[in-house]
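# Close look at the chain arrangement
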Amino acid sequence: MKTRQLGSLVILASLALMVPVAHSDEQKDHLKDLEKQAKNAKDKGDLGQVANYLCEAANLDASHYGKRCERARADAEKKIQEFGKDLEAGKLELQQKDFGGAIRDLSKIVFGPSRDEAQGLILQAKAFLPGPDFEAANQAVLRAASVAYQRGNFDAAATLANEVHSAALQPAAKQLLTNIKEYQDTMARAALLAQSADYKGAHEAYAVAVKINANGPGSPADKLRDMDAKLASQAAEAAAKSQQAAEAAAAQKAENAAKVKDGLTQARRDEAKGDFKAALQGFEGVLTLDGRQAEALAGKRRILTKLRSDSKALVGSLEDGIRSYYSSRFEQAADSISDYLNNKNGALQYKGAAHFYLGASLLSEAILADPRDEANASSLRQSAEQQFAAARQEKYKPVESLVSPRILEEWTKSAASGDH
């Protein structure tokens, strides 16, 4: 019983499928139009369009157009395969300078993916043929090259421009090729500049590329906008860093001002108590923060005058200088030792040592000097040699274990040059 019911359902379904589909008047008109366009395309040999029209009709009425769509697609595919052979034959004939044969075979390709390439090759072949059509054919090639160039297809443009053989048209073709090269060189330069973070230079180069051809490969207009964004980001970052540096400088200035104030206060107290050594250190500490601080300069001169009249203080100045030398405060060491040597109030017990350590301090300053300031370094070296010579006159011999090898080397060299 169930088997008979199932069979009846299958028969009813089959009958339903065979019932003609009812179309509206608008659909019927559209189907007629598609049928007509398919016929016109077939007359032109464009089987690809025939398949397109019939398959569009099949979407509306599969019972009438479905199989015709399939056949049309199969015919079009078969023809496209034939066109592939025609394209290869045309290329070979073009290479062998059989321009007539190339035009014959390439002209067979009337639709499909190879059609545009075939048309371009036909133009090239015609440009070689002598006769009244020679100039017209070359003009067509140049126009095709220009169109390809404007669209940004530089490979096709260059290929076509190289096939312009008319003497009258070759300057224009050569200019097009020059534009392509200038564009490619400019884009390459812009890319290198962008890679090295020279966004300003890259922006300028991309702007030139846009002027040459805004539709060129690599999207120069997009690259230009990218550089705008990077320059804006770079400027914002620079502004932020500048602001941070200004804030840091202001904070440092305020901190130094506080240190100067505290240092002067302490130096005054030490001077008032008669602790001239501590007062001198205090004033010198202020001068390391602000070398032009008027009160510190005056205080230092005042204290040094007092110390020079005190023999114990004078020796203390030498000791401070030597300690500063071993603490790598060479400029301060030179000042303290010079104060000792400049005393005019009596004989100096440690004159030889003073000359040696003053020379060592000056030489250390020369070694550490800015290499770009050769004049300053040379002056410091000459002064150091003079101090070494004065130390030797005082029969002074340094304790080698307490002096760096570099200073000892220069001391020995100066001795040798003095002997000569």
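As the structure is a prediction and not an experimental result, all values here were calculated from the model. (Residues numbered from 1 in each chain as written. Predicted model: local features only at pLDDT ≥ 70, side-chain atom pairs only at ≥ 80, totals over all residues. Heavy atoms only, no water.)

Before going further, it helps to examine the overall build of the chain. A count of helices and strands for the chain gives 18 helices and 0 strands. Against the compact-globule benchmark of 22 Å for 420 residues, the chain has a radius of gyration of 48 Å, which places it well outside the compact range. Reported as C-alpha extents along the three principal axes, the dimensions of the chain are approximately 135 × 80 × 40 Å. Out of the 420 residues belonging to the chain, those deemed buried represent 36%. Relative to all contacts within the chain whose residues are 6 or more apart in sequence, the contacts with residues 24 or more apart total 52%. When the accessible surface of the chain is summed, it comes to about 25,900 Å², and 53% of that surface belongs to carbon and sulfur atoms. Computed over 57 positive and 57 negative side-chain charges, the separation of the two mean positions in the chain equals 2 Å. (Helix = DSSP H or I, 4+ residues; strand = E, 2+ residues; numbered from the N terminus. Rg over C-alpha atoms; globule rule 2.2 N^0.38 Å. Buried < 20%, exposed > 50% of the residue type's maximum accessible area, 1.4 Å probe, protein only. Contact = heavy atoms within 4.5 Å. Areas by Shrake-Rupley, 256 points an atom, 1.4 Å probe, with all protein chains shown as cover. Lys, Arg positive; Asp, Glu negative; His and termini not counted. Charge placed at Lys NZ, Arg CZ, Asp CG, Glu CD.)

Okay, the state of the cysteines next. Within the structure shown, the criterion is met by 1 disulfide. Here C55 is linked by a disulfide to C69, with a sulfur-sulfur distance of 1.8 Å. Its torsion about the S-S bond being 90°, the disulfide of C55 and C69 is classed as right-handed. Of this pair, C55 sits in helix α3 (residues 47-60) while C69 sits in helix α4 (residues 62-95), and the two are 14 residues apart along the sequence. Accessibility assignment for this pair places C55 and C69 in one class, buried. (Disulfide = S-S within 2.5 Å.)

On the surface, a cluster of negative charge is contributed by D25, E26, D29 and D33. Looking at the element boundaries, D25 is found in helix α2 (residues 25-43). On the basis of relative accessibility, which here comes to 61%, the residue D25 falls in the exposed class. (Patch = residues over 30% accessible without salt bridge, like charges linked within 9 Å, V, L, I, M, F, W, Y side chains within 5 Å. Salt bridge = Lys/Arg side-chain N within 4 Å of Asp/Glu carboxyl O.)

Its boundaries defined by the atoms lining it, the largest pocket holds a volume of some 430 Å³. What lines the largest pocket is a set of 15 residues, and nearest its centre among them are D116, G120, A148, A156 and L160. Mapped by element, the contributors of at least two residues to the lining of the largest pocket are α6 (115-128), α7 (134-150) and α8 (154-161). Looking at the lining of the largest pocket, the element that brings in the most residues is α6, giving 7 residues. Looking at the lining of the largest pocket residue by residue, the classes come out as 7 nonpolar, 5 polar and 3 charged. (1 Å grid on protein atoms, 1.4 Å probe; cavity = no way out; pocket = protein on both sides within 12 Å on 5 of 7 lines; lining within 4 Å. Points joined across faces, edges and corners; volume = space filled by probe spheres on them. Nonpolar A, V, L, I, M, F, W, Y, C, P; charged D, E, K, R; others polar.)

Another point: the environment of E271. Within the fold, E271 resides in helix α11 (residues 220-273). Side-chain polar atoms of E271 contact the side chain of R302, separated by 2.6 Å. (Polar contact = N/O pair within 3.5 Å; in protein donor to acceptor, adjacent residues only side chain to side chain.)

Right, let's get into the packing of aromatic side chains. Under the defined criterion, the tally for this structure stands at 12 aromatic pairs. Ring centres 5.6 Å apart and planes at 40° place the aromatic pair F356 and Y396 in the tilted group. Within this pair, whereas F356 is found in helix α16 (residues 351-368), its partner Y396 is found in the loop between α17 (374-393) and α18 (405-419), the two being separated by 40 residues in sequence. When the ring centre of W411 is taken as origin, the NZ or CZ atom of R392, which lies over that ring, is 5.1 Å away. (Phe/Tyr/Trp six-rings, centres within 6.5 Å; stacked < 30°, edge-to-face > 60°. Lys NZ or Arg CZ within 6 Å of the ring centre and 35° of its normal.)

As a further point, take the pattern of salt bridges. The final tally for this structure, using the stated rule, is 21 salt bridges. One salt bridge in this structure joins R225 and D222, with 2.2 Å as the shortest N-O distance. Linking R225 with D222, this pair stays in helix α11, spanning 3 residues, or about one helical turn. For D222, a relative accessible area of 38% corresponds to the partly exposed category.

So, on to the packing of α8 against helix α9 (residues 170-195). Two elements in contact, α8 and α9, have axes whose closest approach is 9 Å; the angle formed by their N-to-C orientations is 150°. Comparing their axes, α9 and α8 come out roughly antiparallel. For the element pair α8 and α9, the recorded crossing hand is left-handed. Every residue of α9 that contacts α8 at F154, A157, A158 and A161 is listed here: A173, L176, L177, I180, Y183 and Q184. (Axes fitted to C-alpha atoms, helices over the stretch in contact; angles between N-to-C directions. Parallel < 35°, antiparallel > 145°, perpendicular 65-115°, else oblique. Left-handed = near helix turned anticlockwise from the far one by under 90°.)

Its 20 residues place the ends of α17 29 Å apart at the C-alpha level, agreeing with the 28 Å of an ideal helix rising 1.5 Å per residue. All of the buried residues in α17 are A377, L380, A384, Q387, F388, A390 and A391. In a view along the axis of α17, the buried residues occupy a sector of 160°, so they form one face of it. Looking at α17, the residues exposed on the side facing more than 90 degrees away from the buried face are E374, A375, Q386 and Q393. K395 lies just past α17 and shows a positive phi near 65°. (Expected span 1.5 Å × (residues − 1). Arc of directions from axis to C-beta.)

Here the chain averages 85 in pLDDT, and 90% of its residues register 70 or above. By mean pLDDT, the top-scoring element of the chain is α9 (95), and the lowest-scoring one is helix α1 (residues 2-18) (41). For the stretch residues 1-20, pLDDT sits under 50, and the model shows 0 contacts to residues farther than four places along the chain or on other chains. (pLDDT = per-residue confidence, 0-100.)

Moving on, we come to a nonpolar patch on the surface. Together, Y326, V399 and L402 make up a nonpolar patch on the protein surface, roughly 290 Å² of accessible area in all. Among the secondary structure elements, L402 is positioned in the loop between α17 and α18.

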